[in-house]
Amino acid sequence: FKKWHCENNGYGENRLRHLVFMTYLDTIEYAGTEFYHQSISTPCHKGLTLIWPAGWTHIHRGVINNTKEKMIITGWFEFYE
(Lines give C-alpha, C1' and ligand atoms only; values in the text may rest on other atoms or scores of the structure.)
Protein backbone atom coordinates (compact mmCIF):
# COMPACT_ATOMS: atom_id res chain seq x y z
CA PHE A 1 0.00 0.00 0.00
CA LYS A 2 1.79 3.14 -1.22
CA LYS A 3 -0.17 5.79 0.74
CA TRP A 4 0.57 6.81 4.34
CA HIS A 5 -1.90 5.04 6.64
CA CYS A 6 -2.43 3.38 10.00
CA GLU A 7 -4.48 0.27 10.78
CA ASN A 8 -6.66 1.91 13.47
CA ASN A 9 -8.07 5.34 12.64
CA GLY A 10 -10.63 5.20 15.46
CA TYR A 11 -13.65 4.52 13.23
CA GLY A 12 -15.60 1.47 12.12
CA GLU A 13 -14.42 -2.07 12.67
CA ASN A 14 -10.72 -1.17 12.42
CA ARG A 15 -11.00 0.74 15.74
CA LEU A 16 -10.66 -2.70 17.40
CA ARG A 17 -7.19 -3.26 15.90
CA HIS A 18 -4.37 -2.75 18.40
CA LEU A 19 -1.35 -4.58 17.02
CA VAL A 20 -0.30 -5.22 13.42
CA PHE A 21 1.95 -8.01 12.18
CA MET A 22 3.55 -8.42 8.78
CA THR A 23 6.02 -10.97 7.41
CA TYR A 24 7.90 -10.58 4.14
CA LEU A 25 7.60 -13.72 2.00
CA ASP A 26 10.49 -12.89 -0.33
CA THR A 27 13.59 -10.73 -0.53
CA ILE A 28 13.28 -7.76 -2.89
CA GLU A 29 15.90 -5.03 -3.20
CA TYR A 30 14.69 -1.43 -2.98
CA ALA A 31 11.44 -2.49 -1.27
CA GLY A 32 10.14 -2.61 2.29
CA THR A 33 8.07 -0.53 4.70
CA GLU A 34 8.62 3.07 5.77
CA PHE A 35 7.43 4.40 9.15
CA TYR A 36 6.70 8.14 9.20
CA HIS A 37 7.15 9.23 12.84
CA GLN A 38 10.01 6.82 13.51
CA SER A 39 11.91 7.92 10.37
CA ILE A 40 12.88 4.33 9.58
CA SER A 41 12.52 2.04 6.61
CA THR A 42 12.68 -1.73 6.98
CA PRO A 43 14.03 -3.87 4.14
CA CYS A 44 11.95 -6.49 2.37
CA HIS A 45 13.87 -9.56 3.56
CA LYS A 46 12.27 -13.02 3.44
CA GLY A 47 11.15 -14.15 6.90
CA LEU A 48 11.48 -10.74 8.56
CA THR A 49 8.43 -10.17 10.77
CA LEU A 50 7.40 -6.75 12.04
CA ILE A 51 4.93 -6.10 14.87
CA TRP A 52 3.80 -2.56 15.69
CA PRO A 53 0.95 -0.60 17.31
CA ALA A 54 -2.03 -0.08 15.00
CA GLY A 55 -2.68 3.59 15.84
CA TRP A 56 -1.61 6.95 14.42
CA THR A 57 1.76 6.76 16.16
CA HIS A 58 2.88 4.23 13.54
CA ILE A 59 1.74 5.71 10.24
CA HIS A 60 3.49 3.79 7.46
CA ARG A 61 3.53 2.99 3.76
CA GLY A 62 4.98 0.38 1.47
CA VAL A 63 8.27 1.00 -0.27
CA ILE A 64 7.63 -0.37 -3.74
CA ASN A 65 10.12 -1.75 -6.26
CA ASN A 66 8.75 -0.77 -9.68
CA THR A 67 10.06 -3.91 -11.40
CA LYS A 68 9.50 -6.69 -8.82
CA GLU A 69 6.43 -7.60 -6.79
CA LYS A 70 6.71 -7.70 -3.00
CA MET A 71 4.79 -10.50 -1.24
CA ILE A 72 3.74 -10.21 2.42
CA ILE A 73 1.36 -11.80 4.88
CA THR A 74 -0.28 -9.44 7.35
CA GLY A 75 -2.92 -9.33 10.03
CA TRP A 76 -4.12 -7.66 13.21
CA PHE A 77 -4.66 -8.44 16.83
CA GLU A 78 -8.07 -7.09 17.82
CA PHE A 79 -9.69 -6.54 21.20
CA TYR A 80 -13.48 -6.75 21.20
CA GLU A 81 -15.66 -4.59 23.39
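Our subject is the structure that appears above.
In short, a report on the structure. (Residues numbered from 1 in each chain as written. Predicted model: local features only at pLDDT ≥ 70, side-chain atom pairs only at ≥ 80, totals over all residues. Heavy atoms only, no water.)

1. Side note on the overall build of the protein
Stated formally: The secondary structure listing takes helices from DSSP runs of H or I that are at least 4 residues long and strands from runs of E that are at least 2 residues long, numbered from the N terminus. Based on C-alpha atoms, the radius of gyration is set beside the globule rule, defined as 2.2 Å times the residue count to the power 0.38. Residues count as neighbours in contact if any of their non-hydrogen atoms are within 4.5 Å of one another. Surface exposure here means Shrake-Rupley accessible area, sampled with a 1.4 Å probe, where a residue is shielded only by the protein chains that are shown.
Scanning the protein from terminus to terminus reveals zero helices and six strands. Over its C-alpha atoms the protein spans a radius of gyration of 13 Å, differing by no more than 12% from the 12 Å that the globule rule assigns to 81 residues. Along the three orthogonal principal directions, the C-alpha set of the protein runs to about 40 × 20 × 20 Å. Relative to all contacts within the protein whose residues are 6 or more apart in sequence, the contacts with residues 24 or more apart total 69%. Counting every atom, the protein has about 5,700 Å² of accessible surface; 58% of that belongs to carbon and sulfur.

2. Looking at the layout of surface pockets
Note the threshold: Each cavity reported here is a set of points on a 1 Å grid over the protein atoms alone in which a 1.4 Å probe fits but cannot get out, each pocket an open set with protein on both sides within 12 Å along at least five of seven lines, and each lining residue one with an atom within 4 Å of a point. Grid points are joined across faces, edges and corners, and a volume is the space filled by probe spheres set on the points. Amino acids outside the nonpolar list (Ala, Val, Leu, Ile, Met, Phe, Trp, Tyr, Cys, Pro) and the charged list (Asp, Glu, Lys, Arg) are all regarded as polar, and Gly is one of them.
Looking at the largest pocket, its volume works out to about 220 Å³. Lining the largest pocket are 15 residues, with Phe1, His5, Met22, His60 and Ile72 positioned closest to its centre. Elements represented by at least two residues in the lining of the largest pocket include exactly strand S1 (17-24), strand S5 (60-63) and strand S6 (72-78). Of the residues belonging to the lining of the largest pocket, the class tally is seven nonpolar, five polar and three charged.

3. A few points about the pattern of salt bridges
Rule in force here: The salt bridge definition used is simple: a Lys or Arg side-chain nitrogen within 4 Å of an Asp or Glu carboxyl oxygen. The cut-offs for exposure are 20% and 50% of the maximum accessible area for each residue type, with area from a 1.4 Å probe on protein chains only; residues under the lower value are buried, those over the upper are exposed, and the others partly exposed.
Applying the stated criterion across every chain, the model contains two salt bridges. Close ionic contact of Glu78 with Arg17 constitutes a salt bridge, the shortest N to O distance being 3.8 Å. One end of the pair, Glu78, is in strand S6; the other, Arg17, is in strand S1, with 61 residues separating them in the sequence. Given a relative accessible area of 30%, Glu78 falls into the partly exposed group. Residue Arg61 is joined to Glu34 by a salt bridge in which the shortest nitrogen-to-oxygen separation is 3.0 Å. Linking Arg61 in strand S5 with Glu34 in strand S2 (residues 28-35), this pair joins segments that are 27 residues apart in sequence. What makes Arg61 partly exposed here is its relative accessible area of 27%.

4. Things to note about unusual backbone geometry
For residues that are not glycine, phi is negative in most cases, and the peptide bond is trans in most cases. The backbone phi angle of Tyr30 is positive, close to 60°, even though this residue is not glycine. In this structure, Tyr30 sits in strand S2. In this model, Ser39 sits at a positive phi of 55°, which is unusual for a non-glycine residue. By the secondary structure assignment, Ser39 is in the loop between S2 and strand S3 (40-44).

5. Notes on the side chain of Thr33
Applied cut-off: Any pair of N or O atoms that falls within 3.5 Å is considered a polar contact. Within protein, one atom must be able to donate a hydrogen and the other to accept it, and sequence-neighbouring residues count only if both atoms are side-chain atoms.
Its location among the elements puts Thr33 in strand S2. Residue classification places Thr33 among the buried positions, given a relative accessible area of 3%. A distance of 2.7 Å separates polar atoms of two side chains, one belonging to Thr33 and the other to Tyr24. Residues within four places of Thr33 in sequence aside, it is in contact with Met22, Tyr24, Ile40, Ser41, Thr42, His60, Arg61, Val63 and Lys70.

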